[in-house]
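Survey of secondary and tertiary structure
So the chains spell out like this:
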Protein chains: 2
Amino acid sequence: MDTNIKLKNPLRCIVKLGGAAITCKNEFEKINEVNLVTVSSQVREAMMFGSSSGSVLDMDWSKRDGSSDTANIVEDFKEQQVLDYNSFVVIHGAGSFGHFQASKSGVHKGGLNQPLVKAGFVATRISVTSLNLEIVRALAREGIPSVAMSPFSCGWSTCERNIASADVSTVVEALNSGFVPVLHGDAVLDESLGCTILSGDVIISHLAAHLKPQFVVFLTDVFGVYDRPPSEPNAVLLREIAVREDGSWSVVNPTFEDSDKQVEISVASHDTTGGMVTKISEAAMIAKLGIDVYIVKAATEHSLTALSGKLRDKIPEDWLGTVIRYVS
Amino acid sequence: MDTNIKLKNPLRCIVKLGGAAITCKNEFEKINEVNLVTVSSQVREAMMFGSSSGSVLDMDWSKRDGSSDTANIVEDFKEQQVLDYNSFVVIHGAGSFGHFQASKSGVHKGGLNQPLVKAGFVATRISVTSLNLEIVRALAREGIPSVAMSPFSCGWSTCERNIASADVSTVVEALNSGFVPVLHGDAVLDESLGCTILSGDVIISHLAAHLKPQFVVFLTDVFGVYDRPPSEPNAVLLREIAVREDGSWSVVNPTFEDSDKQVEISVASHDTTGGMVTKISEAAMIAKLGIDVYIVKAATEHSLTALSGKLRDKIPEDWLGTVIRYVS
């Protein structure tokens, strides 16, 4: 396999569909359908930005409730002109899929010789790939040429939980052919532990480093990163975080009187792959590469602004979200 | 990626779950649940053959109708002893999944610059991966540690419809970790055409050549290969086909009086990836490697006999099916 395959066109955006944003996190294996439809529609709008997109042509021709007549869909495609669009990669978290299976069996700790761990590995993959299928379908229904790419199937593996082998050439080939790869947090083989969980956020950092997108968007279920759990009164949204050469970061907007103020982070207790703490440090690593990172509430006007890339020029006064960017 | 990764243990069997055997071929995207359950159970029995298998422990912990209590499942696994079993690879066809999407759009002919072909590629993958998920789940419910591996996600590609890149190291790693990889016919990228369909039968030949299984089983919806379409009166089951050094083959049992007799083959009209003709020539190529091939009706006592490997010693008089093997 040629590991030096290059992108034909610059990658516009890597977008993370946070598990909390696209699933009902307190209900076992339940998708937040309303959010998923809106998110898919916004990704489409952002991809088509600047081109005459025409009507939305459904690319999911599989059986489902209340589906339209597929024969007509085929006729519509014959008349469709070739569209140019910005290239995107989609990564999604697990939310209420996979976590139960992973945590009950301890897949992240490894030990495939234990029947429980091996079964948990199988069960976790079934759960996360079933979510992946539904997300690919939701994107395809919006006319986005989405293709499932499970990290385990891609042959990605870890060593002591760090990425050991994660050849991005398959992702590049898919992008060069005009598709939108859809990856996800997955159970993978680990050279030392046997197996572990590779989180969606780690995948994003890896892809960002190799594919150099123009910007990265994290869609989540709150407006961004706060100075304390957002459910607490007086929680302040951190609008802009500056990342320095050495990887350290500080809040530059709003400005706090107490400069030593520790930022308290909201961590959803069920999120075994890391909540906001992981998110900020991963985001800072991405920003250090000169890639703007936007953390924003999914399915809002603010997420559409972020996905469209408009924040790269100027952050509007009324935009709600967190920008994490490199300052030299 | 290390392409020289070796199997820790010999591969026992590659089994093809024919599309016609596990789906209702005349009903759009409908699984033949009864057959799939029996087939999964038989694969389990064949894998566990010779060991004290104990009770069947369900590895599908996802939401479904009438599921048992998952909390109990986890407890059961804690008490389960480590089992030895024969290693298997499962490949499945598409049946009533994927064919509609592929044929309507002409994915097999390539041309990704056409909106219809690109959409058809996405639609085909959605259909075949949704079948793949259901087969992985059915196997997991039988306690088989099955893991989905889509050829497209594995980075497999073709050139002029022949396999160009199909690194089997990911499959080997999965086998070495004790899993049962489940692959399928898939839409893939083609270096010259843009895209095409990689059939399950071509995948089997490729894997057989690289992984050298002890035998290969094709599970289908008829008792084997006949001298004419099996629906016709007086159709004769070809019980044994001998393959010679040069790849040519002839029927050795039963013996026909007319030695020039042309074997008429049953080809299901909707099977765009090739019916029995493809099957025999692919099977002959596998047999030429010294690997016995059994073509047998799924979910019968005959399929269990084939899967268990008993035919390698002696073919019982009352066994119904077709054996294709090398004669020097």
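Residues numbered from 1 in each chain as written. Chains lettered and ligands numbered in written order. Predicted model: local features only at pLDDT ≥ 70, side-chain atom pairs only at ≥ 80, totals over all residues. Heavy atoms only, no water.

For chain A, an unreviewed UniProt entry supplies the name Isopentenyl phosphate kinase and the organism Tagetes erecta. We quote the UniProt Sequence similarities (unreviewed entry) comment for chain A here in full: "Belongs to the isopentenyl phosphate kinase family." Taken directly from UniProt, the Catalytic activity (unreviewed entry) text for chain A runs: "isopentenyl phosphate + ATP = isopentenyl diphosphate + ADP". (UniProt positions renumbered as here; feature names shortened; annotations may be inferred.)

Regarding the relation of the copies chain B and chain A
The operation relating chain B to chain A is a screw motion whose rotation component is 180°, with 0.0 Å of axial translation and a residual RMSD of 0.0 Å. A rotation of that kind, with that shift, is consistent with a two-fold axis. When C-alpha distances to the rotation axis are compared across chain B, the minimum falls at Cys154 of chain B, with a value of 2.3 Å. (Least-squares fit on C-alpha atoms with pLDDT ≥ 70 in both.)

Looking at the sheet that holds strand 9 (residues 215-220) of chain B
Residues and elements named next belong to chain B. The nine strands lie next to each other as 3-6-2-1-9-14-15-12-13, forming an open sheet whose pairing is mixed. Two strands in the sheet have a free side with no partner beyond their single neighbour: strand 3 (146-148) and strand 13 (249-253). Looking at each pair of strands side by side, their axes are set apart by 20° on average, direction ignored. Inspection of the sheet shows strand 12 (residues 240-243) paired to strand 15 (residues 322-326) by four bridges, in the parallel sense. In the strand pairing of strand 15, Val243 is matched with Tyr326. (Pairing = 2+ DSSP bridges. Helix = DSSP H or I, 4+ residues; strand = E, 2+ residues; numbered from the N terminus. Axes fitted to C-alpha atoms, helices over the stretch in contact; angles between N-to-C directions.)

Let's talk about the interface of chain B and chain A
Each partner contributes to the interface: chain B provides 57 residues, whereas chain A provides 57 residues. Counting the surface lost from both chain B and chain A, the interface buries some 4,700 Å², and carbon and sulfur atoms represent 72% of this. Applying the counting criterion to the chain B and chain A interface returns 16 residue pairs in polar contact (both at pLDDT 80 or more). Of all the elements in the fold, those that place two or more residues in the side of chain B that touches chain A are helix 3 (70-79), helix 4 (99-105), helix 5 (115-141), strand 3 and helix 6 (169-176) of chain B. Ranked by the residues each element gives to the side of chain B that touches chain A, the list is headed by helix 5 of chain B, at 17 residues. In the side of chain B that touches chain A, the residues fall into 29 nonpolar, 18 polar and 10 charged. (Contact = heavy atoms within 4.5 Å. Buried area = accessible area lost by both parts, 1.4 Å probe. Polar contact = N/O pair within 3.5 Å; in protein donor to acceptor, adjacent residues only side chain to side chain. Nonpolar A, V, L, I, M, F, W, Y, C, P; charged D, E, K, R; others polar.)

With respect to the sheet that holds strand 9 (residues 215-220) of chain A
All names here are of chain A. The strand order across the open sheet built from nine strands is 3-6-2-1-9-14-15-12-13, with neighbouring strands paired in mixed fashion. One side of each edge strand has no neighbouring strand; the edge strands of this open sheet are strand 3 (146-148) and strand 13 (249-253). Within the sheet, the average angular offset between the axes of one strand and its neighbour, ignoring direction, is 20°. Looking at chain direction, strand 2 (residues 88-92) and strand 6 (residues 180-184) are connected through three bridges and run parallel. Paired with Ile91 across the bridge in strand 6 is Leu183.

Quick word on the UniProt feature "binding site: substrate" (unreviewed entry) in chain A
All names here are of chain A. This chain's UniProt record puts "binding site: substrate" (unreviewed entry) on Ala94, His99 and Gly200. For this annotated set, covering 107 residues, all C-alpha atoms fall within 12.8 Å of each other, a compact arrangement in space. Tracing the backbone through its elements, the reader meets Gly200 in helix 7 (residues 200-211). We classify Gly200 as buried; its relative accessible area is 7%. (Buried < 20%, exposed > 50% of the residue type's maximum accessible area, 1.4 Å probe, protein only.)

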